[in-house]
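An overview of the molecular structure
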Amino acid sequence: LMVRTSPPRSLPLVRALLVSLGLFASRPGAAQTAADSAAAAVRLFHGALARGDSVAALALLAPDAMILESGDLESREEYRSHHLPADIAFARAVPTTVVSRQVRLAGEVAWVVSTSQTAGTFRGRPVDSQGAELVVLSRDAAGWRIRAIHWSSRSSRTGG
């Protein structure tokens, strides 16, 4: 039986890195840290889309995740085979700026509500839209996983 009386030298560095990424609670049970780490999971998902990394995006979706988009409801597998490639192409081509983000917690469940502005060109067409997103996450020993996403958007143009 080996008993360690002091942490390995690399542990403080690893903890500092994880805290800076919002993925490790420096104070166990700290609500702000939990909110930050839930928001970080949503940022990681969008970052994976923007990088074209479908494997990383899917890894953040729980096996029973549901995606609501454009009036449709898709399971994780349906999303993977239908809308994910188009969402990646769009995210890579058109920059989106988060305007506001709020996180609410209830035990091991979080919901992240964001609004955004998207402007650019996609497949030769101008894009100028405002978006709203609701992401529901649950936390287990592996961290936060996305259980549901609901996206909606509208044209930023007056009268459009």
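Refer to the preceding data block for the structure.
Residues numbered from 1 in each chain as written. Predicted model: local features only at pLDDT ≥ 70, side-chain atom pairs only at ≥ 80, totals over all residues. Heavy atoms only, no water.

Right, let's talk about the pattern of salt bridges for a bit. Under the criterion given, the structure shown has five salt bridges. Ionic pairing is found between Arg147 and Asp64, a salt bridge with its closest N-O pair at 2.5 Å. Here Arg147 is found in strand 6 (residues 143-155), whereas its partner Asp64 is found in strand 1 (residues 61-69), with 83 residues between them in sequence. Beyond isolated ion pairs, a larger network of salt bridges with shared partners links Arg76, Glu77 and Arg80. (Salt bridge = Lys/Arg side-chain N within 4 Å of Asp/Glu carboxyl O. Helix = DSSP H or I, 4+ residues; strand = E, 2+ residues; numbered from the N terminus.)

Another aspect to go through is the pairing of strand 4 (residues 109-122). Bridging between strand 3 (residues 96-106) and strand 4 involves 10 bridges; their strand directions are antiparallel. Paired with Leu105 across the two strands is Ala110, which belongs to strand 4. Where strand 4 meets strand 5 (residues 125-140), 14 bridges bridge the pair, whose relative direction is antiparallel. Within strand 5, the position partnered with Thr118 by the bridge is Ser129. Between strand 4 and the antiparallel strand that follows it, strand 5, lie two residues; Arg123 among them carries a positive phi value of about 50°. (Pairing = 2+ DSSP bridges.)

Turning next to the packing of aromatic side chains. Enumeration according to the criterion identifies three aromatic pairs in this entry. Residues Phe45 and Trp151 carry aromatic rings whose centres are separated by 6.5 Å and whose planes lie at 25° to one another, so their mutual orientation is stacked. Placement of the pair is Phe45 in helix 2 (residues 31-51) and Trp151 in strand 6, with a sequence separation of 106 residues. Trp151 shares its class with Phe45; the two are buried. Taking the relative accessible area as the measure of exposure, Trp151 reaches 17% and is therefore buried. By the ring-pair criterion, three or more aromatic residues cluster together here, those being Phe45, Tyr79 and Trp151. (Phe/Tyr/Trp six-rings, centres within 6.5 Å; stacked < 30°, edge-to-face > 60°. Buried < 20%, exposed > 50% of the residue type's maximum accessible area, 1.4 Å probe, protein only.)

Listed in full, the buried residues belonging to helix 5 (residues 84-93) are Leu84, Asp87 and Ile88. Take helix 5 and look down its axis: the buried residues cluster within an arc of 100°, on one side only. (Arc of directions from axis to C-beta.)

Overall, mixed pairing links the six strands, which are arranged 2-1-6-5-4-3 in an open sheet. Two strands lie at the open edges of the sheet, namely strand 2 (72-75) and strand 3, each paired on one side alone. Going from strand to strand, the sheet's axes swing by 15° on average, the running direction of each strand aside. Pairing of strand 1 with strand 6, which is carried by four bridges, proceeds in the parallel orientation. Residue pairing for strand 6: Leu68 is matched across the bridge by His150. Of the strands in this sheet, strand 1, strand 4, strand 5 and strand 6 are in contact with helix 5, which crosses strand 4 at around 65°. (Axes fitted to C-alpha atoms, helices over the stretch in contact; angles between N-to-C directions. Contact = heavy atoms within 4.5 Å.)

It is worth spelling out the pairing of strand 6 at this point. For a regular strand, side-chain orientation follows a simple rule: the groups alternate between the two sheet faces. As paired elements, strand 5 and strand 6 share 12 bridges and run antiparallel to each other. Bridge pairing links Arg139 to Trp144 in strand 6. Connecting strand 5 to the antiparallel partner strand 6 that follows it, the hairpin turn spans two residues.

The subject of this paragraph is the environment of Ala110. Position of Ala110 among the secondary structure elements: in strand 4. When the C-alpha atoms of Ala110 and Ser138 are compared, they prove to be 6.3 Å apart, with 28 residues separating the residues in sequence. The contact partners of Ala110, leaving out residues within four places of it in the chain, are Ala38, Arg104, Leu105, Val135, Val136, Leu137 and Trp144.

Now for unusual backbone geometry. Within the chain, Ser70 stands out as a residue other than glycine whose phi angle is a positive 55°. You can see Ser70 is positioned in the loop between strand 1 and strand 2. A residue is classified by how much of its surface remains accessible, and Ser70, at 66% relative accessible area, is exposed. Even without glycine at this site, Arg123 takes up a positive phi of about 50°. Looking at the element boundaries, Arg123 is found in the loop between strand 4 and strand 5.

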